[in-house]
Amino acid sequence: MKHLLFLLMVLLFCCGNVNADLYLAGKTDKNPLAYRVGETITFRVALFDNGRMVPGKLLRWTRYGDDGKTLKGKAASDRELVLTTSIDRPGFIRLEVFAFDADGKKLRGYPDHREVRFHGGAAADVEKISSWPEVPGMDEFWKKQLKALRAIPMNLKLAAAPGKAPKIRSVTFESPIGPDFRPATGWISMPVDAKPKSLPITLYYHSYSCYGIPPYHGYVFNRGGQIVISVSGYGLPAVKDVQIYRDFEKNHLKGFGWRGNDKPETCDFLGMILRDVRSLDLAKTLPEWNGKDIIVSGGSMGAFQALAVAALAPETVTGCEVTIPWMTGIAGKSKQNRLGGWAPDYTEALSFYDTVNFAKRISCPVTIVAGLGDYICPPSGQIALFHNLRRGPVKLKFYQNMEHGKRYQPGDCGYTLAKNGKASAVVVQSFESGSNWDEKTIFETSLDSPLDFYNWPCWPNFAATEESATAQVLAIRRAPGVGGDLTVTKWFDKREFSQCSGKRIKAAVDVKGSEKDLAALRFGLLLRAMPTPAQKSPVVQKEFGDGWKKIEFSANLVPEAKGGGILLGLTRDGQGPVYFRNLSVIVTDK
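Residues numbered from 1 in each chain as written. Predicted model: local features only at pLDDT ≥ 70, side-chain atom pairs only at ≥ 80, totals over all residues. Heavy atoms only, no water.

K.L.:
Kindly report on the pairing of strand E10 (residues 117–124), identifying the contributing residues and their values.
P.N.:
When you tally the buried positions in E10, you get eight out of eight residues, the bulk of the element. Examined bridge by bridge, strand E7 (residues 91–100) and E10 share eight bridges and lie antiparallel to one another. Paired with leucine 95 across the two strands is glycine 120, which belongs to E10. (Buried < 20%, exposed > 50% of the residue type's maximum accessible area, 1.4 Å probe, protein only. Helix = DSSP H or I, 4+ residues; strand = E, 2+ residues; numbered from the N terminus. Pairing = 2+ DSSP bridges.)

K.L.:
So what's going on with the packing of aromatic side chains? Residues and values would help.
P.N.:
A complete count under the given rule lists 22 aromatic pairs for this structure. Relative to tryptophan 258, the ring of tyrosine 208 lies with its centre 6.5 Å away and its plane at 85°, an arrangement referred to as edge-to-face. One end of the pair, tyrosine 208, is in the loop between strand E14 (199–205) and helix H3 (217–220); the other, tryptophan 258, is in the loop between helix H4 (242–253) and helix H5 (268–283), with 50 residues separating them in the sequence. Measuring from ring centre to ring centre gives 5.7 Å for phenylalanine 269 and tryptophan 326, while their planes differ by 80°; the resulting arrangement is edge-to-face. Here phenylalanine 269, found in helix H5, pairs with tryptophan 326, found in the loop between strand E17 (319–323) and helix H7 (332–336); they are 57 residues apart in sequence, far enough to count as distant. Here phenylalanine 269 matches tryptophan 326 in class, with each residue buried. Above the plane of the ring of tyrosine 35 lies lysine 30, whose end atom (NZ or CZ) is 5.2 Å from the centre. Geometry around tyrosine 64 places arginine 94 over its ring, the cationic atom sitting 5.3 Å from the centre. (Phe/Tyr/Trp six-rings, centres within 6.5 Å; stacked < 30°, edge-to-face > 60°. Lys NZ or Arg CZ within 6 Å of the ring centre and 35° of its normal.)

K.L.:
A description of the packing of H5 against helix H6 (residues 301–312) should follow, citing residues and the corresponding values.
P.N.:
Between H5 and H6, whose axes approach to 10 Å, the crossing angle comes to 65°. The way H5 lies across H6 gives a crossing that is right-handed. Where H5 approaches H6, its residues Phe269, Met272, Ile273, Asp276, Val277 and Leu280 are matched on the opposing element by Met301, Phe304, Gln305, Ala308, Val309 and Leu312. Across the contact of H5 with H6, the residue classes tally to ten nonpolar, one polar and one charged. (Axes fitted to C-alpha atoms, helices over the stretch in contact; angles between N-to-C directions. Left-handed = near helix turned anticlockwise from the far one by under 90°. Contact = heavy atoms within 4.5 Å. Nonpolar A, V, L, I, M, F, W, Y, C, P; charged D, E, K, R; others polar.)

K.L.:
Tell me about the side chain of threonine 355, residues and numbers included.
P.N.:
As for its position among the elements, threonine 355 is in helix H8 (residues 355–359). With a relative accessible area of 0%, threonine 355 lands in the buried category. Look past the residues within four positions of threonine 355 in its chain and what remains in contact with it is Phe304, Leu307, Trp326, Met327, Thr328 and Leu385.

K.L.:
So, unusual backbone geometry: which residues are in play, and what are the values?
P.N.:
Positioned with a positive phi, aspartate 125 is a non-glycine residue whose angle comes to about 50°. Looking at the secondary structure, you find aspartate 125 in the loop between E10 and helix H2 (138–150). Take aspartate 125: its relative accessible area is 6%, and that puts it in the buried class. If you check the backbone angles, asparagine 155 has positive phi at about 40° while not being a glycine. Looking at where asparagine 155 falls in the secondary structure, it is placed in the loop between H2 and strand E11 (157–160). Asparagine 155 sits in the exposed class, given a relative accessible area of 53%.

K.L.:
Break down helix H9 (residues 379–388) for me, citing the residues and quoting the values.
P.N.:
In terms of burial, H9 is a largely internal element, nine of the ten residues being buried. Turning to H9, its buried residues number three or more, namely Pro379, Ser380, Gly381, Gln382, Ile383, Ala384, Leu385, Phe386 and Asn388.

K.L.:
Can you lay out the side chain of threonine 28 for me, pointing to particular residues and giving the numbers?
P.N.:
Relative to the assigned elements, threonine 28 resides in strand E1 (residues 22–28). The exposure class of threonine 28 is buried, given its relative accessible area of 9%. Only 2.5 Å separates the side chain of threonine 28 from the backbone oxygen of lysine 30, close enough to count as a polar contact. (Polar contact = N/O pair within 3.5 Å; in protein donor to acceptor, adjacent residues only side chain to side chain.)

K.L.:
Describe the pairing of strand E5 (residues 71–76), with residues and values.
P.N.:
In this structure, strand E4 (residues 58–65) lies alongside E5, joined through six bridges in antiparallel fashion. Within the sheet, the bridge partner assigned to leucine 59 lies in E5 and is alanine 75. Adjacent in sequence and paired antiparallel, E4 and E5 are bridged by five residues, among which glycine 68 carries a positive phi angle near 85°.

K.L.:
So what about the pattern of salt bridges? Which residues, and what values?
P.N.:
Throughout the structure, instances matching the rule amount to 16 salt bridges. Glutamate 127 is the salt-bridge partner of arginine 36, the closest N and O atoms lying 2.4 Å from each other. Of the two residues, arginine 36 is situated in the loop between E1 and strand E2 (41–49) and glutamate 127 in the loop between E10 and H2; the sequence distance between them amounts to 91 residues. Arginine 36 sits in the partly exposed class, given a relative accessible area of 43%. The class for glutamate 127 is partly exposed, based on a relative accessible area of 43%. Here aspartate 139 and arginine 361 are joined by a salt bridge, their closest N and O atoms 2.6 Å apart. (Salt bridge = Lys/Arg side-chain N within 4 Å of Asp/Glu carboxyl O.)

K.L.:
So what about the packing of H2 against H5? Which residues, and what values?
P.N.:
Their axes nearest at 11 Å, the elements H2 and H5 cross at an angle of 60°. By the angle between their directions, the pair H2 and H5 is classed as oblique. In this structure, H2 crosses over H5, and the sense of that crossing is right-handed. Where H2 approaches H5, its residues Phe141, Trp142, Gln145, Leu146, Leu149 and Arg150 are matched on the opposing element by Leu270, Ile273, Leu274, Val277, Arg278 and Asp281. (Parallel < 35°, antiparallel > 145°, perpendicular 65-115°, else oblique.)

Everything listed here is a matter of geometry and, on its own, says nothing about what the molecule does.
Below, the structure written as structure tokens:
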């Protein structure tokens, strides 16, 4: 068998249309979330092999859109494919590009020898992409269901299970939720030396596929140690039993979510969400829980479950971290004439399960990762979800050339929408360092590229806007009546910091604003796991035209730091706006 597998791998790599380093990379002429209705949108797509353009191949492209238009074409890979289009209504353009060899076969390459493709998009007037009105009665329905759930004794059954992680204690759990539903089941894992009232909890919910859910041992030591509860949405036994999963998939999973949708009481998702809430209830009974921190998380259908739990228990859930959320804006296709995804057709009963409606009831911080080329969970639904998250800080990061969880070009191609509570949103292109320490440069780019939004030491409302669509300048301003400090930060992870420990960091940025606001500006280094944040006051180094000034600072990177970042912001004395551009950060030996 091993020899046969080896032979198959050799044949795969010898095929002319397979190259592990081959990929299509695409981008737009500006932030793809910042276009306006009627504005020209320019896509640029090219075929690469390990960073070098590849000539002599055929590219076939298809342009779809929320405007209902479909266009097709082809081009040679000898030069960059440049496609211009526009849309006459708020919504998304979807672009698909495939690469073919001389025999008309699709090329394969990055990642995992998959078909080489570009699946991306762009949008116009994202702030006007709304959700379909929800059906009245949602709160009353869920109040009734939760009351019935909590009238059923938890009768928690725990069973130790063999594991390969000697520093982690894991048990399976089972708890009934009613005679008409399968029980809540899953894993509870934590460090073996966990003390009472010492650890936060993460509840992880899983995707649509039927499989034996893992205990997620790796998550236990994230953030310095935690309790992880891995929940089966279907109520299946946590311990692996292949035959049980196969039987369930054959007899029960077929059509799951597409049946019984004429009444909210008969939807498949009711039992699933009740199991999810029961897992949250049992989490609060664990003696090792610190009594404060509970994060819900998941991807695809797991994200749908996590958002539902955050909505149904806003007084308990303190954070929600999800990727590619499913069941989001399901009325988009039939009611709003948008490109649809893979989801059951809209009914009024399903309105009670749509994540855009759950979103209105969520108050904790939420982070979302989604794909501009994902048409299982279309980006229009993700934008509607973002708009309906109104009570707490929210970040939605879209990746170009990303389908349903899979990215098809290397490097970072992410774009973030961020807001804090009811404050206005800002469109920011994110940036991830290549961490090439031989070149000594962490990053050097315009400020619409590398930054995330934080508020230190709290989360007051604030507004942040771009000065113009093309200036590549970021502004931060205080919303009326807001106290506290406002900061915009580029974080570096622990791995990056460990390579720089003991070195010196130098940073510079161009700023523009009133004298009072520049005096209230903070610019410096913020370190994690230190007694107090290390910060330096700005020093004016050079003045440019049009009111621009350059400031810079330097500081030593101490070995104790476990991560940190460059901080830009206003103290509470500053009103803004203060504009930033051309941020550079360099690591040196002296």
